[in-house]
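Listed here are the chains, written in short residue letters.
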Amino acid sequence: MVKNHQQPNPDDRSDNVEKLQEMVQNTIENIEASHDTMKFASEEEKENIKQKNKRREDSIQSMRAEIKDEYKER
């Protein structure tokens, strides 16, 4: 039996800041799009959207903190 040992890819963090910034921008755009969706949503859907946006805002804060950490490591 032949064993196939694959080497793990090296940890390339050189573009993490840019990737995180793009993720923040996409999340902000999703929040903005959800505001348009709420105009046509039922009360239950509006509540679900509000809760999802809260989670998105929490994610944005976490990503921004990670951006600061990554930027310091450069």
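Please refer to the structure placed before this passage.
Basis of the calculations
- Residues numbered from 1 in each chain as written.
- Predicted model: local features only at pLDDT ≥ 70, side-chain atom pairs only at ≥ 80, totals over all residues.
- Heavy atoms only, no water.
- Axes fitted to C-alpha atoms, helices over the stretch in contact; angles between N-to-C directions.
- Helix = DSSP H or I, 4+ residues; strand = E, 2+ residues; numbered from the N terminus.
- Parallel < 35°, antiparallel > 145°, perpendicular 65-115°, else oblique.
- Left-handed = near helix turned anticlockwise from the far one by under 90°.
- Nonpolar A, V, L, I, M, F, W, Y, C, P; charged D, E, K, R; others polar.
- Salt bridge = Lys/Arg side-chain N within 4 Å of Asp/Glu carboxyl O.
- Buried < 20%, exposed > 50% of the residue type's maximum accessible area, 1.4 Å probe, protein only.
- Core = buried A, V, L, I, M, F, W, Y, C linked by side-chain atoms within 4.5 Å.
- Contact = heavy atoms within 4.5 Å.

## What to know about the packing of helix α1 (residues 16–38) against helix α2 (residues 43–73)
Here comes step 1: It is the contact of α1 with α2, at a shortest axis distance of 9 Å, that shows an interaxial angle of 165 degrees. Comparing their axes, α2 and α1 come out roughly antiparallel. α1 and α2 meet at a crossing whose hand is left-handed.
Here comes step 2: For the contact of α1 with α2, a count of residues per class yields 12 nonpolar, 8 polar and 7 charged.

## With respect to the pattern of salt bridges
Here comes step 1: All chains considered together, the criterion is met by 4 salt bridges.
Here comes step 2: A salt bridge links lysine 39 to aspartate 36; the nearest nitrogen and oxygen atoms lie 3.6 Å apart.
Here comes step 3: Accessibility expressed as a relative area gives 45% for aspartate 36, which makes it partly exposed.

## So, the nonpolar core
Here comes step 1: Among the nonpolar cores identified, the biggest contains 7 residues, and these are Val17, Leu20, Val24, Ile31, Ile60, Met63 and Ile67.
Here comes step 2: When residues of this core are traced back to their parent elements, those giving at least two are α1 and α2.
Here comes step 3: A per-element tally of this core places α1 first, with 4 residues.
Here comes step 4: Sequence-distant contacts of valine 24, that is, excluding residues within four places in its chain, are made with Ile60, Met63, Arg64 and Ile67.

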